[in-house]
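# Coordinates in review
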Amino acid sequence: MRAIILAAGTGSRLADASGGLPKPLVEVGGKTLIEHQLEALADAGIGPVMVVVGYKAEDVKRVVGNRASY
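Just so it is clear, the structure is predicted and the values come from calculations on it, not from any experiment.

On to the side chain of threonine 32, then. In this structure, threonine 32 sits in strand β3 (residues 31–32). Look at threonine 32 and you get buried, because its relative accessible area is 7%. In contact with threonine 32, not counting residues within four places along its chain, are Pro24, Leu25, Val26, Glu27 and Val63.

Written out as C-alpha cells, the structure is:
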C-alpha cells in the first residue's frame with residue numbers, strides 16, 4: 001500500500017504556535033508532525049510514501065530526507 005502526505009500549505013491556523021514554520025514542521029512531543037506521520041506509516045508497513053510539498057518545500061525536504069519521494 002502506498003501513501004501520500006499533503007504538506008504544501010502554510011499552516012496559517014497554527015500561526016501562533018508555529019513561529020512561521022509550515023505545519024508539517026511544527027513539533028509535538030519532540031518530533032515534527034510529518035515525522036510522526038512517517039513513523040506511523042512505517043510502523044503499519046505502508047510505503048512507499050510521496051510527500052506533496054509547496055510552502056517552504058526545501059525545509060520540509062530537509063526533515064523528510066530520503067524517507068519519501070516528492
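Further notes follow.
Let us now look at helix α2 (residues 33–43). Every buried residue belonging to α2 is among Ile34, Leu38 and Leu41, and all of these are buried. On an axial view of α2, the arc spanned by its buried residues comes to 65°, and they lie on one face. Of the surrounding elements, those touching the buried residues of α2 are β1 (3–7), β3, β4 (49–53) and α3 (57–64). Directly after α2, the chain includes glycine 45, whose backbone phi takes a positive value near 75°.

Ala3, Ile5, Ala7, Leu25, Ile34, Leu38, Leu41, Val49, Val51, Val60, Val64 and Ala68 form the largest nonpolar core, which has twelve residues in total. Looking at this core, the elements that each hand over two or more residues are β1, α2, β4 and α3. Apart from the residues within four sequence positions on either side, valine 64 is in contact with Ile34, Leu38 and Tyr70.

What follows covers the environment of alanine 57. Checked against the element boundaries, alanine 57 lands in helix α3. Alanine 57 sits in the buried class, given a relative accessible area of 16%.

So, on to the packing of aromatic side chains. Counted by the stated rule, this structure contains zero aromatic pairs. Seen from the ring of tyrosine 70, lysine 61 lies directly overhead, with NZ or CZ sitting 5.3 Å from the centre.

With that settled, the discussion passes to the environment of valine 26. Tracing the chain through its elements places valine 26 in the loop between α1 (15–18) and β2 (27–28). The class for valine 26 is buried, based on a relative accessible area of 11%. When the C-alpha atoms of valine 26 and tyrosine 70 are compared, they prove to be 19 Å apart, with 44 residues separating the residues in sequence. Residues within four places of valine 26 in sequence aside, it is in contact with Leu14, Ser18, Lys31, Thr32 and Leu33.

Thresholds, definitions, all that
- Residues numbered from 1 in each chain as written.
- Predicted model: local features only at pLDDT ≥ 70, side-chain atom pairs only at ≥ 80, totals over all residues.
- Heavy atoms only, no water.
- Helix = DSSP H or I, 4+ residues; strand = E, 2+ residues; numbered from the N terminus.
- Buried < 20%, exposed > 50% of the residue type's maximum accessible area, 1.4 Å probe, protein only.
- Contact = heavy atoms within 4.5 Å.
- Arc of directions from axis to C-beta.
- Core = buried A, V, L, I, M, F, W, Y, C linked by side-chain atoms within 4.5 Å.
- Phe/Tyr/Trp six-rings, centres within 6.5 Å; stacked < 30°, edge-to-face > 60°.
- Lys NZ or Arg CZ within 6 Å of the ring centre and 35° of its normal.

Distances and angles like these do not, on their own, reveal function.
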